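# Examining the three-dimensional arrangement
Here is what each chain is made of, one letter per residue.
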Amino acid sequence: MALEHAILISLTERAGSGYELARRFDRSIGYFWPATHQQIYRVLRRMDEAGWVTHTEIAQEGRPDKKVYRVAAPGRAEISRWLAEPADPAVLRDGLSVKLRGASLGDVGLVLKEMERHRAEHATRLEVYRGIQRRDFPKPNTLRGRELHQYLVLRGGIRAEESFVTWCDEVIDALRKDNR
């Protein structure tokens, strides 16, 4: 998937400026497809030039005009084309796993500390996801359409984080026992 598709999906949900879109990425879609603010602005400019999005300029006092972007017909056609093509299966590409595999070649204690750090970060992200679920989807059995789809992506994130935390716990326990 290209960043363009993540931006198009987000803009179909709600039009917005580059700044607003970047904030949405920071709080939502960016958990699954991260992008820097600079990348988002660069891609918006390219999509605007390609006709996938249009923008309206809104005057602001004391600041440059704000461009509010919306998906144009060619952008909707691109979403349809992209949704119809097969997606590659997710591939785990994880430097931590490579470090773990090579732990015996260095200081296992440092790899253990790194594993503990990763576990803490994933546990924090898991709580963020669960908080989003409680706040935005209190009645998941009633969801339909776009809200159901957003919820299902969030559930995938929750499941992935639960799995990663469980795996980290297993590795930490094993490394502690092995390091005695």
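Residues numbered from 1 in each chain as written. Predicted model: local features only at pLDDT ≥ 70, side-chain atom pairs only at ≥ 80, totals over all residues. Heavy atoms only, no water.

Going by what an unreviewed UniProt entry lists, the protein chain is known as PadR family transcriptional regulator and is assigned to Kribbella kalugense.

### Considerations on the overall build of the protein chain
Scanning the protein chain from N- to C-terminus turns up seven helices and two strands. For the protein chain, the C-alpha radius of gyration of 21 Å lies well beyond 16 Å, the compact-globule estimate for 180 residues. For the C-alpha atoms alone, the extent of the protein chain along its principal axes is close to 65 × 40 × 40 Å. The long-range share in the protein chain, meaning contacts at least 24 apart out of those at least 6 apart in sequence, stands at 56%. Roughly 12100 Å² of accessible area belongs to the protein chain as shown, and the carbon and sulfur atoms make up 52% of that amount. The protein chain carries 31 positive and 26 negative side-chain charges, and their two centres are separated by 3 Å. (Helix = DSSP H or I, 4+ residues; strand = E, 2+ residues; numbered from the N terminus. Rg over C-alpha atoms; globule rule 2.2 N^0.38 Å. Contact = heavy atoms within 4.5 Å. Areas by Shrake-Rupley, 256 points an atom, 1.4 Å probe, with all protein chains shown as cover. Lys, Arg positive; Asp, Glu negative; His and termini not counted. Charge placed at Lys NZ, Arg CZ, Asp CG, Glu CD.)

### Section: the pattern of salt bridges
Under the criterion given, the structure shown has 13 salt bridges. Arg81 is paired through a salt bridge with Glu85; the nearest N and O atoms lie 2.7 Å apart. Between Glu162 and Arg130 there is a salt bridge, with the nearest N and O atoms lying 2.9 Å from each other. On the criterion of sequence distance, the pair formed by Glu162 in helix H7 (residues 145-178) and Arg130 in helix H6 (residues 108-136) is long-range, its members being 32 residues apart. On the basis of relative accessible area, Glu162 is assigned to the partly exposed category, the value being 26%. (Salt bridge = Lys/Arg side-chain N within 4 Å of Asp/Glu carboxyl O. Buried < 20%, exposed > 50% of the residue type's maximum accessible area, 1.4 Å probe, protein only.)

### Here's the deal with the environment of Val108
Locating Val108 in the fold gives a position in helix H6. Classification of Val108 as buried rests on a relative accessible area of 19%. Taking the C-alpha atoms as reference, Val108 lies 51 Å from Trp52; in sequence the two are 56 residues apart.

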